[in-house]
Amino acid sequence: NAGVTQTPKFRILKIGQSMTLQCTQDMNHNYMYWYRQDPGMGLKLIYYSVGAGITDKGEVPNGYNVSRSTTEDFPLRLELAAPSQTSVYFCASRSSNQPQHFGDGTRLSIL
Amino acid sequence: EDQVTQSPEALRLQEGESSSLNCSYTVSGLRGLFWYRQDPGKGPEFLFTLYSAGEEKEKERLKATLTKKESFLHITAPKPEDSATYLCAVAAGAAGNKLTFGGGTRVLVKP
């Protein structure tokens, strides 16, 4: 099992560009999450999903969009990149009554 | 609003010097308190879940405890490989689907 896989691992964007961060899991987990982690800080929830076709906002959703068309995939979309979105993005998944499992992150710089 | 505060922010220990990390929380209806370990450049790795006051969990040199207002992560006779950032998070509310993270404690164990 690969667990939670995030791509790309690193990316540099220009202000105003758009991109999609990919997240896929092979554990058949219903719940999936997107977090951002700024230097020296904890994780802040951006969006989450309790199953295919269902998504909801977390603590810091502005500037991001998500979709969940399959159980395995939960992509995060940045439409108009801004310097404030420079961060490390983590995807996580879990099954019911189990802890979240995390990917190794996407390091995103916006210049 | 759920709040999680970790202290200290950073901790430098000599190998073998035991210490404790604190996680204070304010939530409505605790569903679980989670401890994660995060190594540089990696995603958080699950350590423990605690559900009720008085509960304790152990794994090698780590022991987590829980009261109604805080949790402690005790590191006994640490080794350099215990160096990492330790994150505390809570799941709360009716559904308990989301985690609220603290800012983390960076632990450095010197040989």
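Heads up: the structure comes first, above all this text.
Just so it is clear, the model here is predicted, and its values are computed rather than measured. (Residues numbered from 1 in each chain as written. Chains lettered and ligands numbered in written order. Predicted model: local features only at pLDDT ≥ 70, side-chain atom pairs only at ≥ 80, totals over all residues. Heavy atoms only, no water.)

**Things to note about the layout of surface pockets**
Right, on to step 1. The calculated volume of the largest pocket comes to roughly 620 Å³.
Right, on to step 2. Along the walls of the largest pocket sit 30 residues, with Glu59 of chain A together with Asp2, Leu99, Thr100 and Phe101 of chain B positioned nearest its centre.
Right, on to step 3. Secondary-structure elements contributing two or more residues to the lining of the largest pocket are β5 (43-51) of chain A together with β1 (3-7), β9 (84-92) and β10 (99-101) of chain B.
Right, on to step 4. By residue number, the principal contributor to the lining of the largest pocket is β5 of chain A, which donates four residues.
Right, on to step 5. Class assignment for the residues of the lining of the largest pocket results in eleven nonpolar, twelve polar and seven charged.
Right, on to step 6. Roughly 440 Å³ of internal volume is contained in the second largest pocket.
Right, on to step 7. Lining the second largest pocket are 22 residues, and of these Gln37 and Gly40 of chain A together with Gln38, Pro40 and Thr85 of chain B sit closest to its centre.
Right, on to step 8. Mapped onto the lining of the second largest pocket, the elements with two or more residues apiece are β9 (87-94) and β11 (106-110) of chain A together with β9 and β11 (105-110) of chain B. (1 Å grid on protein atoms, 1.4 Å probe; cavity = no way out; pocket = protein on both sides within 12 Å on 5 of 7 lines; lining within 4 Å. Points joined across faces, edges and corners; volume = space filled by probe spheres on them. Helix = DSSP H or I, 4+ residues; strand = E, 2+ residues; numbered from the N terminus. Nonpolar A, V, L, I, M, F, W, Y, C, P; charged D, E, K, R; others polar.)

**Quick word on the packing of aromatic side chains**
The description of two aromatic rings rests on the distance between their centres and on the angle between their planes.
Right, on to step 1. Going through the model one piece at a time under the given rule, you end up with nine aromatic pairs over all chains.
Right, on to step 2. Centroid distance tyrosine 33 of chain A to tyrosine 48 of chain A: 6.1 Å. Interplanar angle 15 degrees. Geometry classified as stacked. With a gap of 15 residues between them, tyrosine 33 of chain A in strand β4 (residues 31-37) and tyrosine 48 of chain A in strand β5 connect regions that are remote in the sequence. Accessibility assignment for this pair places tyrosine 33 of chain A and tyrosine 48 of chain A in one class, buried.
Right, on to step 3. Ring centres 6.1 Å apart and planes at 45 degrees place the aromatic pair tyrosine 36 of chain B and phenylalanine 101 of chain B in the tilted group. (Phe/Tyr/Trp six-rings, centres within 6.5 Å; stacked < 30°, edge-to-face > 60°. Buried < 20%, exposed > 50% of the residue type's maximum accessible area, 1.4 Å probe, protein only.)

**Overview of the nonpolar core**
Right, on to step 1. Within the largest apolar cluster, 22 residues are counted, with the highest numbers of intra-cluster contacts made by Leu21, Leu33, Trp35, Leu73, Tyr86 and Val107 of chain B.
Right, on to step 2. Every element with two or more residues in this core is listed here: β2 (10-14), β3 (19-26), β4 (30-38), β5 (45-50), β7 (62-66), β8 (70-75), β9 and β11 of chain B.
Right, on to step 3. For this core, the element with the highest residue contribution is β9 of chain B, accounting for four residues.
Right, on to step 4. Among residues more than four places away in sequence, those in contact with valine 107 of chain B are Leu11, Leu13, Leu21, Ile75, Asp82, Ser83, Ala84 and Tyr86 of chain B.
Right, on to step 5. Counting residues in each nonpolar core, the second largest holds 19 residues, with Met19, Ile46, Leu78 and Ile110 of chain A among its members. (Core = buried A, V, L, I, M, F, W, Y, C linked by side-chain atoms within 4.5 Å. Contact = heavy atoms within 4.5 Å.)

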